[in-house]
Amino acid sequence: MTEPSFPPYNVGDLGKEVKRQAPAAARNVEPIGDVLADWLPTSGLVLEVASGTGEHALAFPRRFPDLDWQPSDPDPEALASIAAWQREGPPNLRPPVQLDVCASEWPIGRA
């Protein structure tokens, strides 16, 4: 198997923060958002599992302003990236939480 010709993330140095960018996230935010529009409720709390770079966690709360958006990830470096994006986000974008879906206890009770 050949190695990809580009890394999956472009890491930007923001001092103490590391904001990741994935080219695929920018390309697929609109098609994913169109599918979500057919499935999401008009209001409530959405738990995004494995938020990765945090780019979708920034885009979707802007598109769905009546939904509260809770990003999560098990990886501390991903959480730092998500938090960096979250600071640019609207008020319905919550700070990220660490979530391992295999854990018996989750940091959020309901979404």
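Please read these numbers as outputs of a predicted model, since none were measured by experiment.

Description of the pattern of salt bridges
Here comes step 1: A complete count under the given rule lists four salt bridges for this structure.
Here comes step 2: Two residues, Lys19 and Glu88, come together in a salt bridge whose shortest N-O distance is 2.2 Å. Separated by 69 residues along the polypeptide, Lys19 in strand 2 (residues 17-21) and Glu88 in the loop between helix 3 (76-86) and strand 5 (97-98) bring together distant segments of the chain.
Here comes step 3: For Lys19, a relative accessible area of 15% gives the class buried.
Here comes step 4: Residue classification places Glu88 among the partly exposed positions, given a relative accessible area of 42%.
Here comes step 5: Here Arg63 ties to Asp34 by a salt bridge, and the two come within 2.8 Å at their closest N and O atoms. In this pair, Arg63 sits in helix 2 (residues 55-63) while Asp34 sits in helix 1 (residues 23-39), placing the two residues 29 residues apart along the sequence.

A short note on the pairing of strand 4 (residues 67-73)
Here comes step 1: In terms of residue burial, strand 4 counts as a mostly covered element, since six of its seven residues are buried.
Here comes step 2: Of the strand pairs in this sheet, strand 3 (residues 44-48) and strand 4 are connected by five bridges, and their pairing is parallel. Bridge pairing in strand 4 places Leu47 opposite Gln70.
Here comes step 3: Handedness of the crossover is the feature at issue here: the chain leaves strand 3, passes through helix 2, returns alongside strand 4, and the resulting connection is right-handed.
Here comes step 4: Relative to strand 5, strand 4 runs parallel, the two being bridged by two bridges. Across the sheet, residue Ser72 finds its bridge partner in strand 5, namely Val97.
Here comes step 5: Once you follow strand 4 into helix 3 and on to strand 5, the crossover reads as right-handed.

Thresholds applied
Residues numbered from 1 in each chain as written. Predicted model: local features only at pLDDT ≥ 70, side-chain atom pairs only at ≥ 80, totals over all residues. Heavy atoms only, no water. Salt bridge = Lys/Arg side-chain N within 4 Å of Asp/Glu carboxyl O. Helix = DSSP H or I, 4+ residues; strand = E, 2+ residues; numbered from the N terminus. Buried < 20%, exposed > 50% of the residue type's maximum accessible area, 1.4 Å probe, protein only. Pairing = 2+ DSSP bridges. Right-handed = clockwise from strand over helix to strand, strands pointing away.

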